[in-house]
Structure formats: C-alpha cells, structure tokens
Amino acid sequence: MSRQQTDSDDGQRLDLARRLREAREYVGLSQEEVAFALSVSRPAISNIEAGTRKVEAIELDKLSELYSRTVKYFLTGDSQPTESRVAFLARATQGLSESDLDELERFAAFLKNSPKSKRDSS
C-alpha cells in the first residue's frame, strides 16, 4: 500500500470518527451508553471516536440505527435523504400541543427566511 493511500485511509477514518462523535453528542448519549448498546467497552468507543480503532461493519450498522443516520452518511458525509428527515421531524413533533406546533411553524419560517439559509441554498 502506498503512502498516499495510507494518508487517504487515515483521513477517511478521522472523518468517520468525527461524524460518529458528533452524531452521539447530537442524540445526547454518553460513550458509556453507546458502549453498552454495542456490547463493547467505553474505551473502545473513545478509540473509535478518536480514529485509533477501526469500526467493524456490524458496529457501524448498529451505530447507524442508534444515531438514526445512514451508514452512507458516516462513510461519506452525505446528508440523509429528505424522506428520512421528514419522518424524523414527524416523530419529533408527535405529542406537541397546538401552540407548540404554531411556535415551531413560526421558527421554521424564520429559519427559512434568514440570510444564512438563503446563502446555504444557493
């Protein structure tokens, strides 16, 4: 294996590690909770998130399910398909009061019309 290929693999592993850490933090799970769900040690999760331990395919599949992200997202950084986002948002809003839904609708309109959103969509 060439030095260039090794550097590329290391970069991909570090990107994967970063995405996994960010996803765990986003869903609010501790490394201990993730370790329990995967039946591995907490240091193993720490090493995965540091990029010093490779992730097995079965582990990545479980992490994908646990974090509600696609395996493709973790490997490439590609966003989830729109349908998955819509389904997530529908689940997340279940049980909200009518006034909470009204507030959420106003907030979504605010975000959609904010200057940053207009820059990102171009």
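Owing to the predicted nature of the structure, the values given are computational and were not obtained by experimental measurement.

(A) Up close: the packing of helix α2 (residues 31-38) against helix α4 (residues 57-67). Taken N-terminus to C-terminus, the directions of α2 and α4 make an angle of 125°; their axes are 10 Å apart at the nearest point. Taken together, the axes of α2 and α4 lie oblique to each other. Judged by the sense of rotation from one axis to the other, the crossing of α2 with α4 is right-handed. Listed contacts from α4 to Val34, Ala37 and Leu38 of α2 are Glu59, Lys62, Leu63, Leu66 and Tyr67. For the contact of α2 with α4, the class distribution of residues is six nonpolar, no polar and two charged.

(B) Expanded view of the confidence of the model for the protein. Scored by pLDDT, the protein comes out at a mean of 86, with 84% of its residues at no less than 70. For the protein, the element scoring lowest by mean pLDDT is helix α8 (residues 115-120), at 56; helix α3 (residues 42-50) scores highest, at 97.

(C) How the structure looks around the packing of α2 against α3. With their axes 8 Å apart at the nearest point, α2 and α3 run at an angle of 105° to one another. What the angle tells us is that α2 and α3 run roughly perpendicular. Residues Gln31, Glu32, Val34, Ala35 and Leu38 of α2 form the contact with α3, whose participating residues are Arg42, Ile45, Ser46 and Glu49. Taken together, the residues of the contact of α2 with α3 sort by class into four nonpolar, two polar and three charged.

Conventions and cut-offs
- Residues numbered from 1 in each chain as written.
- Predicted model: local features only at pLDDT ≥ 70, side-chain atom pairs only at ≥ 80, totals over all residues.
- Heavy atoms only, no water.
- Axes fitted to C-alpha atoms, helices over the stretch in contact; angles between N-to-C directions.
- Helix = DSSP H or I, 4+ residues; strand = E, 2+ residues; numbered from the N terminus.
- Parallel < 35°, antiparallel > 145°, perpendicular 65-115°, else oblique.
- Left-handed = near helix turned anticlockwise from the far one by under 90°.
- Contact = heavy atoms within 4.5 Å.
- Nonpolar A, V, L, I, M, F, W, Y, C, P; charged D, E, K, R; others polar.
- pLDDT = per-residue confidence, 0-100.

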